[in-house]
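Survey of secondary and tertiary structure
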Amino acid sequence: MSTGNAMVTVLAFVLALVIGGVLIAAVDPDVTKAAGYFFSRPGDLLSAAWSAVASAYAALFRGAVFDYQADTFALAIRPLTETMTTATPLIIASLGVAVAFRAGLFNIGAQGQVILGAIVSGYIGFTYHLPAGVAVLLALLGGIAGGALWGGIAGVLKARTGAHEVIVTIMLNYVATNLLAWLLTTKAFIGTNGEPKSITVLPHAQLPLLFGSQFRVTWGFVIAILASVAVWWLMSRSRLGFQLRAVGSNPAASRTAGISVQRMTIYVMLISGALAGLAGAVQLLGTSKYITDGIAGTIGFDAITVALLGRSKPLGIFFAGLLYGGLSAGGRFMEVVTGTPIDIVLVLQALVVLFVAAPALVRTIFRIPAPSGELKGAAA
Amino acid sequence: MKLELRGITKRFGPLVANDHIDLVIEPGQIHALLGENGAGKSTLMNVLFGLYEPDEGEIAIDDAVAKFSGPADALAAGIGMVHQHFMLVPVFTVAESVMLGHESTRRGGLLDLDAARAKVRELSDRFGFDVNPDAVIEDLPVGVQQRVEIIKAMARDARVLILDEPTAVLTPQETDELIEIMRQLREAGTSIVFITHKLREVRAVADVITVIRHGKVVGTAEPSAPETELAAMMVGRAVSLELDKAPAEPGDVALEVQDLLVLDPTGARVVDDVSFEVRAGEILAVAGVQGNGQSELVEALLGLETPLRGSVRLGGEELVGLSVRQVLDKGVGFVPEDRSHDGLVGEFSVAENLVLDLLFDERYRRGLSVDLAAVQANATARIEEYDIRTRGPAQPAGRLSGGNQQKVVVARELSRPLKLFVASQPTRGVDVGSIEFLHRRIVSERDVGTAVLIVSTELDEVSALADRIAVMYRGRVVGVVPGDTPRDVLGLMMAGVPLDDAQRQAAENPTTETLLEEGEAP
């Protein structure tokens, strides 16, 4: 069953590449020109299309994984490390979204929780002069606490009053965005900067580089791996995870079995928020170093997509995050090298998600039989 | 119309759901299809209704071979079906439901609702359905919704009506009304295929009985055949329908319920000053028609519902005000009436479901983790002990048959030391073979000295299990009577008649059921 799902995901990616290829060919100037005399020399159109698509995807690969045309080995693998850097906060935030998914809650507020994580970890990071080790640890914990607070608000409101978590978390996203905008006007945050840009995080609070100064990858990537393992343990081995999954799957039966659905709702939003907050802290302490109003980018929203792509399973999310990071990193490179618009990458990302969300469509196209147990027909 | 199934075979992968089934349905007959859950009855009917395509075999109508590629073809050929789970749109009116799928329109494309209303009224009057065409589906009781399904089929001139487990969701009264409707339809010339696993109903209404087991026809029987014979054909071995249990040896009072008052959200008294007690080592059965406060009573005992006042004491300790977790920890085992909704997490494995409320039990915890090895070992042991038919401990519980799902719930609840065992409808929708097993298991729990409280709407079950019977009507306990109280008396008490009156009336007017029991069929 799970291998079938993995297969569908891979095929969804293949399908997306095929459709993306059509689009790349369609917008390529050489292809357009060759199309003008298609009936006299149809071969030109095909070869132009092929070379456009091949060079674009080659550039995508070179920008995302391995640049085989680079002069040194370090430069050649630099794209892969860029992919890892981009993927790091995505993976962590996505784990948070997935924990909520599995417990039956839709945490749309990862974006706000990422921002809160960045705010708190940043404040600790540039304000307190602490010894090495302690500083970065405290800043990370601050980020976790900030995200957990933001998620926890939604959890408590849902448990106590029934307020729907989707609405509350969306609203909290706005609150977080505007809170950040305001903080970036205060002296405590921007110091003597004339623009809305915070003080740079002190060196002791920054996440150390993982592979030396040639690459931007930090220990944040290790944190992402550890977080994936921790979430795996939580969801498949721990008693708390068992209860969270039970509540997500059948709240009525969970309640009858003596599990407090309200308490689980609060716990899960705390955990979900904490992970998103950690993502914000890692992004800030590792990559950005200072806070701007764009610190969270679209991490919080992409995390939802990545969680969907990874089917809310830690391993799946880890690879989905890398794929997503790779498409982003490779897309930038592709635009520079071949002039293919980076928007193609957005289309690819959207198509992958679309096909993953519609497994029946992929199965039909590739004629894969439905997993056993799902009988055809309405009634059984 | 004569309907014939010839050598129908339907396979799902390696599973043969129907194995060369031959069946002839004569016009104007009620043909009962009897078999346990999972015997292949519903699959066969879905083949007949065009929902499944048979791998082998053919369907013949009036000796001409018919080919159905979908329900539309079956409907056109005059075959109507009422599914076990109704196919109705909750927000539609009865008239709208009846016209759904073959809407007739007036000029300008407007729906001709008046014609649909007239049709509903006509059928309603002809067969005594008593259905208002303008009532909204979701406001109707289950029994009436079922009649709407029948009207839908009749409105399309169905000459063969398939009823798939029609009584599973009905109260005894509604069942009687349905049986009456079936008889009238037969008078009017409609053939009925009546799918069920309930022996009593089959004998009450069927003209011909075909028994199916493991996807094969194992024989036909006359309605006058004794229940034990039918049960044996269905299960494939002799089944004892009478539970031979030793007399109870009641100990001290274990559960003491006093003046319990529970209100529903509208403020109505659903449990109205109920008091009773259950002793250790005895079974008290709460009998009553569905919806007379039994569910709420049980929920209040468990802490799922907060009573307005009153007390529930177990071994002298007050349970009111405790959380569900705390109540369970006091030694209460609970089997909810709707197992798939409240008793199991369908996506979880059988092994996980077997420890759903035992996570804090020392046996299954290891630090903050679940002790997977212990969970697995427990699953293997319980599957063996309860003969749970599963492909293995990892199979999702939602995929099991009803009887096996119930075994999972009961096995879980009885797998720890209990002071009180509460089971609501312990055998609803469970096949005959499993009923026997579950009843024995409940009695043996009583015999180790556990107080047992059973809530059941099935009089058979109440009579089989109970040492004492508390009859509930409109939230009140009408009376507590001995376990061997005659069915007629219980039936009257379930309608709210006090014990003395009930005994007198029962002596004066014995019902057909009693006569059947005594072998004097009318």
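What counts and how
Residues numbered from 1 in each chain as written. Chains lettered and ligands numbered in written order. Predicted model: local features only at pLDDT ≥ 70, side-chain atom pairs only at ≥ 80, totals over all residues. Helix = DSSP H or I, 4+ residues; strand = E, 2+ residues; numbered from the N terminus. Rg over C-alpha atoms; globule rule 2.2 N^0.38 Å. Contact = placed C-beta atoms within 7 Å. Buried ≥ 20, exposed ≤ 12 C-beta atoms within 10 Å, placed from the backbone. Axes fitted to C-alpha atoms, helices over the stretch in contact; angles between N-to-C directions. Left-handed = near helix turned anticlockwise from the far one by under 90°. Nonpolar A, V, L, I, M, F, W, Y, C, P; charged D, E, K, R; others polar. Domains from an automatic or database assignment. Pairing = 2+ DSSP bridges. pLDDT = per-residue confidence, 0-100. Core = buried A, V, L, I, M, F, W, Y, C linked by C-beta atoms within 7 Å. Expected span 1.5 Å × (residues − 1). Arc of directions from axis to C-beta.

**A closer look at the overall build of chain A**
Secondary structure assignment for chain A yields 16 helices and zero strands. For 380 residues, the compact-globule formula gives about 21 Å, and the C-alpha radius of gyration of chain A, at 23 Å, lands near that figure. Projected onto its principal axes, the C-alpha coordinates of chain A cover approximately 70 × 65 × 35 Å. Long-range pairs, those at least 24 residues apart, make up 74% of the contacts in chain A between residues at least 6 apart in sequence.

**Remarks on the overall build of chain B**
Looking only at helices and strands, chain B features 19 helices and 22 strands. Relative to the globule expectation of 24 Å for 522 residues, the C-alpha radius of gyration of chain B, 24 Å, shows essentially globular dimensions. When its C-alpha atoms are laid out on the principal axes, chain B stretches across 70 × 55 × 55 Å. The proportion of buried residues among the 522 residues of chain B is 48%. Partitioning the contacts of chain B with sequence separation of at least 6, the portion at a separation of at least 24 is 66%.

**Observations regarding the interface of chain A and chain B**
Counting residues at the interface gives 22 residues for chain A, matched by 30 residues for chain B. Counting only elements with at least two residues in the side of chain A that touches chain B, the list comes to helix H10 (239-249) and helix H11 (251-256) of chain A. With five residues, the single largest contributor to the side of chain A that touches chain B is H10 of chain A.

**Observations regarding the packing of helix H5 (residues 110-127) of chain A against helix H6 (residues 134-161) of chain A**
All names here are of chain A. At a minimum axis distance of 7 Å, the contact between H5 and H6 shows a crossing angle of 145°. Relative to H6, H5 is oriented so that their crossing is right-handed. Residues Gly112, Gln113, Leu116, Gly117, Ala118, Ile119, Val120, Ser121, Ile124 and Gly125 of H5 form the contact with H6, whose participating residues are Leu138, Ala139, Leu140, Gly142, Gly143, Ala145, Gly146, Gly147, Leu149, Trp150 and Gly151. By residue class, the composition of the contact of H5 with H6 is eleven nonpolar, ten polar and no charged.

**Regarding the domain arrangement of chain A**
Residue and element names in this part refer to chain A. Here chain A is described as being made up of domain 1 (1-64 + 340-370) and domain 2 (89-324). Inter-centroid distance (C-alpha atoms) of domain 1 to domain 2 is 33 Å. Contacts between domain 1 and domain 2 engage six residues on the former and five residues on the latter. Split by residue class, the side of domain 1 that touches domain 2 holds four nonpolar, two polar and no charged.

**Details of the domain arrangement of chain B**
Residue and element names in this part refer to chain B. Domain parsing of chain B yields domain 1 (3-235), domain 2 (240-331 + 417-485) and domain 3 (349-415). Computed from C-alpha coordinates alone, the two centres of domain 2 and domain 3 are separated by 24 Å. Per element, the largest residue contribution to the side of domain 2 that touches domain 3 is five residues, and it comes from helix H15 (residues 432-447). Here the side of domain 2 that touches domain 3 is composed, by residue class, of six nonpolar, two polar and three charged.

**Quick word on the sheet that holds strand E15 (residues 317-318) of chain B**
Residues and elements named next belong to chain B. Spatially, four strands are ordered E12-E11-E14-E15 in an open sheet, and the strand pairing comes out antiparallel. The open sheet is flanked by strand E12 (269-279) and E15, the only strands paired with a single partner. Relative to strand E14 (residues 309-314), strand E11 (residues 253-263) runs antiparallel, the two being bridged by five bridges. When the bridges of E14 are listed, Leu255 appears paired with Leu314. Packed on one face of the sheet, helix H9 (residues 294-302) meets E11, E12 and E14 and runs near 65° to E12.

**Looking at the confidence of the model for chain A**
Note that predicted coordinates carrying low pLDDT should not be read in detail. On average, residues of chain A score 90 in pLDDT, and 96% of them reach the 70 mark or higher. Considering only residues more than four positions removed or in separate chains, one finds that residues 372-380 of chain A, a stretch of pLDDT under 50, has twelve contacts.

**What about the pairing of strand E19 (residues 420-424) of chain B?**
All names here are of chain B. In terms of burial, E19 is largely enclosed, as five of its five residues are buried. Alternating positions in E19 separate into two faces, Leu420, Val422 and Ser424 on one and Phe421 and Ala423 on the other, with burial throughout. Note: strand E16 (residues 332-335) against E19, four bridges, orientation parallel. Its bridge partner being in E19, Phe334 is matched across the sheet by Val422. Sheet topology places E19 next to strand E20 (residues 451-456); five bridges connect them, and they run parallel. Following the sheet pairing, Ser424 is matched in E20 by Val455.

**Some thoughts on the nonpolar core**
By size, the foremost hydrophobic cluster in this structure holds 272 residues, and its most contacted members are Ile92, Ala93 and Leu275 of chain A together with Ile162 and Val471 of chain B. Per-element accounting of this core gives the leading share, 15 residues, to helix H12 (residues 261-288) of chain A. Sequence-distant contacts of Val471 of chain B, defined by excluding residues within four places in its chain, comprise Ala287, Gly288, Val477, Val478, Gly479, Leu490, Met493 and Met494 of chain B.

**Description of the sheet that holds strand E21 (residues 468-473) of chain B**
Residue and element names in this part refer to chain B. Within the open sheet, the six strands sit side by side as E16-E19-E20-E13-E21-E22. Their pairing is mixed. The open sheet has two free edges, formed respectively by E16 and strand E22 (476-482), since each of these has just one partner strand. Geometrically, the sheet is characterised by an average inter-axis angle of 15° between neighbouring strands, direction not taken into account. Across six bridges, E21 lies against E22 in antiparallel orientation. Bridge assignment links Ala470 to a residue of E22, and that residue is Val480. Strand contacts of helix H14 (residues 402-413): E16 and E19, with the helix running at about 175° to E16, the strand carrying the most contacts.

**A word on the environment of Pro89 of chain A**
All names here are of chain A. Following the sequence through the fold, Pro89 ends up in helix H4 (residues 73-102). For the pair formed by Pro89 and Val114, sequence separation is 25 residues and the distance between their alpha carbons is 9.0 Å. Excluding its chain neighbours within four sequence positions, the residues that come into contact with Pro89 are Ala279, Val282, Gln283 and Ile299.

**A look at H14 of chain B**
All names here are of chain B. Its twelve residues place the ends of H14 17 Å apart at the C-alpha level, agreeing with the 16 Å of an ideal helix rising 1.5 Å per residue. Among the twelve residues in H14, twelve count as buried, and that is most of the element. If you check which residues of H14 are buried, you get Gly402, Gly403, Asn404, Gln405, Gln406, Lys407, Val408, Val409, Val410, Ala411, Arg412 and Glu413.

**Some words on helix H15 (residues 343-357) of chain A**
All names here are of chain A. In this model, H15 (15 residues) spans 21 Å end to end at C-alpha, consistent with the 21 Å of a helix rising 1.5 Å per residue. Considered for burial, the residues of H15 that qualify are Ile344, Val345, Leu348, Gln349, Val352, Phe355 and Val356. The arc that holds the buried residues of H15, viewed along the axis, is 145°, so those residues lie on one side.

**Quick word on the confidence of the model for chain B**
Residue and element names in this part refer to chain B. Residues at a pLDDT of 70 or more form 96% of chain B, whose mean pLDDT is 88. Under a pLDDT of 50 for its full length, residues 518-522 has, in the predicted model, six contacts with residues more than four places off or in other chains. Here the prediction assigns the complex a pTM of 0.80, and the interface score ipTM is 0.84.

**Overview of the pairing of strand E10 (residues 216-221) of chain B**
Residues and elements named next belong to chain B. Sheet topology places strand E9 (residues 208-213) next to E10; five bridges connect them, and they run antiparallel. Within the sheet, the bridge partner assigned to Val211 lies in E10 and is Gly219. Turn length for the E9-E10 hairpin, with the two strands adjacent in sequence and antiparallel, is two residues, and the turn residue His214 shows positive phi of about 50°.

**Some details on the environment of Gly241 of chain A**
With respect to the helices, strands and loops of the structure, Gly241 of chain A is situated in helix H10. Those residues in contact with Gly241 of chain A that sit more than four places away from it in its chain are Leu234, Met235 and Ser236 of chain A.

**Brief notes about the environment of Thr364 of chain A**
All names here are of chain A. Relative to the elements of secondary structure, Thr364 occurs in helix H16 (residues 359-366). Accessibility expressed as a C-beta count within 10 Å gives 11 for Thr364, which makes it exposed. Sequence-wise, Thr364 and Lys289 are 75 residues apart; in three dimensions their C-alpha atoms are separated by 48 Å.

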